[in-house]
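Letter by letter, the chains look like this.
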Amino acid sequence: MKDRRSELVRIDVRGEAHPIGNVASQRMRARVGAYRILPAPDHVIFMRYTGEDGQRDLADGAIVRLSGEVTGAGSLCDILALVAQTGWRGELVVLDGDAVRSIFFEQGNVVGAVTNVEQERLGSVLYRFGAISDQEHTQISSVAQSGKRFGEAAIELGVLKNDQIYSYIARQIEEIVFATMTVGDGTFFFLDGFDESRLVSRHTVSANALLMDGVTRMDELRYFQQKVPSAEHIPWRVENRGTPADELQIVYSAIDGKLSVGELGRHTGRGEFETTKALYALVQSQHVAIHPPRVTGGPTALVSAANDALRSIFAAAHGGGKSHEVRANLASFTVGAGVYDILFRGAGPDDSGALDPERVAANSVAVAGDADQDNLLKQMLHEYVGFALFSAGAALGSGAESELVKQVASALSGLRPQG
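Now for a look at the structure at hand. (Residues numbered from 1 in each chain as written. Predicted model: local features only at pLDDT ≥ 70, side-chain atom pairs only at ≥ 80, totals over all residues. Heavy atoms only, no water.)

1. Re the nonpolar core
- Core analysis: the largest hydrophobic core is formed by 40 residues, its most contacted members being Leu-92, Phe-105, Leu-126 and Met-181.
- At 8 residues, helix 6 (residues 162-181) tops the list of elements feeding residues into this core.
- Core analysis: the next-biggest nonpolar cluster, separate from the first, contains 29 residues, Ile-313, Leu-330, Ala-347 and Val-408 among them. (Core = buried A, V, L, I, M, F, W, Y, C linked by side-chain atoms within 4.5 Å. Buried < 20%, exposed > 50% of the residue type's maximum accessible area, 1.4 Å probe, protein only. Helix = DSSP H or I, 4+ residues; strand = E, 2+ residues; numbered from the N terminus.)

Now the structure itself:
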């Protein structure tokens, strides 16, 4: 969360403005020149550049038709609706911290949009919808660094054709408009008119249609995220559930227990939202279960996550004078479970209860064989930590166990195996 004080400016009794915060100082330094202070309510200052003559000339910047504060997600929907209804020709600029988005309107239509948000740039949109691979994205970006537009570079390299770029620019406009509607904290300005050269390509998309789609999307996401929390979560097919509805087949057939929601969106070309929508329906029909995101870093990261939980469990056991009892129970568990002897060979646990991540990761290769190494390791570590928690709870009592469950819940969630 940004520090509000960094934006503070103090006006003294002489009418002189003094920036207090560093952000305020940066903004004022970027606006050197003569500004006209316009009439405004007592708690607002409205200034615009005019130059020393005090006259508003064409070269002094566009007329501000509307401006205001954004104080909640969805509040900009009213502004979009107003601009669409009036048919004004101009640029809606929305600023949210460092994020800047501009939507260009004409006669009730959105004719273009630009953004400095990386995931909304054309290259990212093409990648998220599966039009280009990660390697192609890197290759095109390299060529685009010479001053070419991303789409121009993609065409030059033969990766995409003109009609494909045009189509995905339309999709990019939608993504920018939908993202703008979700801004919950910032400012907006509607500027009269715009320079046609700022449009990468001119489109004609009904502003009202975009507004209705965006509102529906925001409303639906609240429900979808209850079952599909993020793009990093992993969908997994539920066995013996039959065939889902035809409209869900594209997403369902692509589920392999490895691809995340975002990756499925790229693989199917449907994007994250439509994929999430389909997955929500599949979860509701019990054809699919959603598992936590993969732990980044591979097997060693999985062991490190387990170690965080094990250290907490052993620290509580030590504090209650039960560490030897818990350690003995775990030793019996690993011997009885067989393959743990191989998995933990030369890996501890040490005095804190933790395992050697590198050693366990190396041993897991032999244990997994042809199976999914990460998923098998998840399963074994989940069972091991779960038994450690059970053993410590039995030794320390239900009160201590409840507190330990809270401490290790996050680690156990990340270790939950798929399938």
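Now that the structure has been shown, the text picks up again.
2. Quick notes on the packing of helix 2 (residues 76-86) against helix 7 (residues 207-227)
- Contact geometry for helix 2 and helix 7: axes closest at 9 Å, N-to-C directions at 160 degrees. Compared by their axis directions, helix 2 and helix 7 come out roughly antiparallel. Where helix 2 crosses over helix 7, the handedness of that crossing is left-handed. Contacts between helix 2 and helix 7 pair Cys-77, Leu-80, Ala-81 and Ala-84 from the former with Ala-207, Asn-208, Leu-211 and Val-215 from the latter.
- Tallied by class, the residues present in the contact of helix 2 with helix 7 amount to 7 nonpolar, 1 polar and no charged. (Axes fitted to C-alpha atoms, helices over the stretch in contact; angles between N-to-C directions. Parallel < 35°, antiparallel > 145°, perpendicular 65-115°, else oblique. Left-handed = near helix turned anticlockwise from the far one by under 90°. Contact = heavy atoms within 4.5 Å. Nonpolar A, V, L, I, M, F, W, Y, C, P; charged D, E, K, R; others polar.)

3. With respect to the pattern of salt bridges
- A complete count under the given rule lists 17 salt bridges for this structure.
- Note that Glu-7 and Arg-27 form a salt bridge whose closest N and O atoms lie 3.2 Å from each other. Taken together, the positions of Glu-7 in the segment before strand 1 (9-11) and Arg-27 in helix 1 (residues 22-29) put the pair 20 residues apart, joining distant regions of the chain.
- Look at Glu-7 and you get partly exposed, because its relative accessible area is 27%.
- Among the ionic pairs, Lys-277 bridges to Glu-220, the shortest N-O distance being 3.9 Å. A residue pair is termed long-range when its members are at least 10 positions apart, and Lys-277 in helix 10 (residues 271-284) and Glu-220 in helix 7 qualify at 57 residues. (Salt bridge = Lys/Arg side-chain N within 4 Å of Asp/Glu carboxyl O.)

4. Focus: the pairing of strand 9 (residues 186-192)
- Relative to strand 9, strand 5 (residues 64-70) is paired through 6 bridges, and the arrangement is antiparallel. Counted as the bridge partner of Val-64 is Leu-191 from strand 9.
- In terms of strand pairing, strand 6 (residues 90-96) meets strand 9 through 6 bridges, oriented antiparallel. Among the inter-strand pairings, Glu-91 is bridged to a residue of strand 9, identified as Leu-191. (Pairing = 2+ DSSP bridges.)

5. As for unusual backbone geometry
- Look at the link from Gly-348 to Pro-349: it is a cis peptide, with omega at 15 degrees.
- By the secondary structure assignment, Pro-349 is in the loop between helix 13 (340-343) and helix 14 (357-368).
- In this model, Asn-240 sits at a positive phi of 60 degrees, which is unusual for a non-glycine residue.
- For Asn-240, the position within the fold is in the loop between strand 11 (234-237) and helix 8 (249-254).
- Note on Asn-240: relative accessible area 78%, which makes it exposed.

6. A closer look at the sheet that holds strand 8 (residues 109-115)
- In spatial order, the strands read 5-9-6-7-8-10; together these 6 strands make up an open sheet with antiparallel pairing. Across the chains shown, the open sheet's two edge strands, defined by having one partner strand only, are strand 5 and strand 10 (205-206).
- One ladder, built from 6 bridges, connects strand 7 (residues 99-106) with strand 8; its direction is antiparallel. Each bridged residue has a counterpart across the sheet, and for Ile-103 the counterpart in strand 8 is Ala-113.

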